[in-house]
Structures are given as C-alpha cells and as structure tokens.
Amino acid sequence: MSGSVRAAGKQSAPALDIDILHEAGSWSPAGEEIVRRAAIRAYETAGENTPAELCVVLADDAFVQKLNKTYRGKDKPTNVLSFPTGAMPVAVGPEPMWGGDTGRARPLGDIVLAEETLKREAEEQGKSFADHLAHLVVHGVLHLLGEDHEEDDAAEMMEALEREILASIGIADPYASEQARPK
C-alpha cells in the first residue's frame, strides 16, 4: 500500500510518499499507520522541504538477518536497517532532477524492520510495541537524512532529535530507562 500523505493542518509541509511492503512476519494493519505517522513527523521535523519518497519493508528476523549479513557482515538480526538511495546528483544540466516544479520526489531510500526483534526489545525495555516501532522508524528516517550516532556528539544530537519528534506524537523519551540504569 502506498500513498502521498500531508500532515493535517500544514499546507506548506512537503509530501512524503511512503510505500510499505509486507515482506515477512505477521505485522498488524495498525503498524502501517504507526510507520506513516512517525516517518512523516521525522521528515518534517528534520526541516526537509522537498517532496520525497520512502520505502518501508516490514519483515521478520530471518529476512533482516540475511540483509544484515550481506550488507554489514553481521550474521544476526537487528531491529532496523536503513539503506539510503545514494548520492544522486540534484541536477543534470540546467534543470533539477526533483523538487521545485519538476513534479518528482527525492528518493530517500529504504527502511527494513524486523518484527520479532522489535517485539522482544519492546518487552525487555518495558515499552509498547507501537512506541518502539515509531521510535525505530524515526531512527531509520534520520539515518536516511544523513544523521548518525557513530561519535558521541553526533549520537547526542540524533537522540535529542528523536526525543523531540517522538514527544510531538505523544511518545515518551525512549532513552529515559537507559539513563536511569547504572553504568
């Protein structure tokens, strides 16, 4: 199922066209709405202003494990993988490839989610599956927009942005329980 979605009440917000593919697992239909809402809010809050396309793949641990092994050399499932479209040129010649009056949306890339891992983590962390799913979609979109958490400063900035986005859709700080734990 796909569709272009604009945030309610924000006429100037860019459209984010989201394709959701059910590759594996027993995902509930409610998951699609969670994915859409979180992805749109992440895109808007990050300050993006051009129409864009995003593909979200709902999968199981086995599917994600194969991707993780192939593309990251890690033979285990993980909760979310992000595959940016790549460094496509903005313009070929005098006209832009997307945005403006071209009518073409900028391709962001793909996010792949592992259902069993998300469920297990949500239970271990005392979070609802819906909130954890929203968090990982936000996390994935931010990666596609160039955010990372490899260095401490970058991780703190990315986590702050995640907190802001999630709070705006009524989801508690996903890192609060980590901060309360002794190190």
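Residues numbered from 1 in each chain as written. Predicted model: local features only at pLDDT ≥ 70, side-chain atom pairs only at ≥ 80, totals over all residues. Heavy atoms only, no water.

Caption draft 1: Helix 3 (residues 115-125), seen in detail. Taken together, the buried positions of helix 3 are occupied by Glu115, Thr117, Leu118, Glu121 and Ala122. Projected onto a plane normal to the axis of helix 3, the buried residues spread over an arc of 165 degrees and lie on a single side. Turned more than 90 degrees away from the buried face of helix 3 sit Glu123 and Glu124, all of them exposed. Packed against the buried residues of helix 3 are strand 3 (52-59), helix 2 (61-72), strand 7 (106-114) and helix 4 (129-144). (Buried < 20%, exposed > 50% of the residue type's maximum accessible area, 1.4 Å probe, protein only. Helix = DSSP H or I, 4+ residues; strand = E, 2+ residues; numbered from the N terminus. Arc of directions from axis to C-beta. Contact = heavy atoms within 4.5 Å.)

Caption draft 2: Here's a closer look at helix 4. Between the first and last C-alpha of helix 4 there are 23 Å, a value that for 16 residues agrees with the 22 Å anticipated at 1.5 Å per step. Taking burial as the measure, the 16 residues of helix 4 include 12 buried ones, the bulk of the element. Looking only at helix 4, the buried set comprises His132, Leu133, Ala134, His135, Leu136, Val137, Val138, His139, Gly140, Val141, Leu142 and Leu144. Trailing helix 4 by a residue or two, Gly146 shows a phi angle of about 100 degrees, which is positive. (Expected span 1.5 Å × (residues − 1).)

Caption draft 3: Region of the structure containing the nonpolar core. Of all hydrophobic cores here, the largest spans 33 residues; its most connected members are Leu16, Leu54, Val56 and Leu113. Every element with two or more residues in this core is listed here: strand 2 (16-22), helix 1 (30-45), strand 3, strand 7, helix 4 and helix 5 (152-168). The element that contributes the greatest number of residues to this core is helix 4, accounting for 8 residues. Apart from residues lying up to four places away in sequence, Val56 is in contact with Ile18, Asp19, Ile20, Leu21, Val35, Ile111 and Leu113. Ala59, Val64, Leu81 and Ala114 belong to the second largest nonpolar core, which has 8 residues in total. (Core = buried A, V, L, I, M, F, W, Y, C linked by side-chain atoms within 4.5 Å.)

Caption draft 4: Structural view of the packing of aromatic side chains. Under the counting rule described, the total for this entry stands at 2 aromatic pairs. Centre to centre, the rings of Trp27 and Phe129 are 5.8 Å apart; their planes meet at 50 degrees, and the pair counts as tilted. With Trp27 in the loop between strand 2 and helix 1 and Phe129 in helix 4, this pair connects stretches of sequence that are 102 residues apart. We classify Trp27 as buried; its relative accessible area is 9%. (Phe/Tyr/Trp six-rings, centres within 6.5 Å; stacked < 30°, edge-to-face > 60°.)

Caption draft 5: Inspection of the confidence of the model for the protein at higher detail. Across the protein, pLDDT averages 78, with 74% of residues at or above 70. Mean pLDDT in the protein bottoms out at strand 1 (residues 2-5), which sits at 42, and peaks at helix 3, which reaches 92. Across residues 1-14 the pLDDT falls below 50, and counting only partners more than four positions away or on other chains, this stretch makes 33 contacts in the model. Across residues 179-183, where pLDDT falls below 50, the model places 2 contacts with residues more than four positions away in sequence or in other chains. (pLDDT = per-residue confidence, 0-100.)

Caption draft 6: Geometry of the environment of Glu33. Along the chain, Glu33 turns up in helix 1. The exposure class assigned to Glu33 is exposed, which follows from its relative accessible area of 52%.

Caption draft 7: Summary view of the packing of helix 1 against helix 4. Their axes nearest at 8 Å, the elements helix 1 and helix 4 cross at an angle of 40 degrees. Between helix 1 and helix 4, the interaxial angle falls into the category oblique. You can see that helix 1 and helix 4 cross each other, and the crossing is right-handed. Contacts between helix 1 and helix 4 involve Gly31, Ile34, Val35, Ala38, Ala39, Ala42 and Tyr43 from the first element and Ala130, Leu133, Ala134, Val137, Val138 and Val141 from the second. Among the residues forming the contact of helix 1 with helix 4, the class breakdown is 12 nonpolar, 1 polar and no charged. (Axes fitted to C-alpha atoms, helices over the stretch in contact; angles between N-to-C directions. Parallel < 35°, antiparallel > 145°, perpendicular 65-115°, else oblique. Left-handed = near helix turned anticlockwise from the far one by under 90°. Nonpolar A, V, L, I, M, F, W, Y, C, P; charged D, E, K, R; others polar.)

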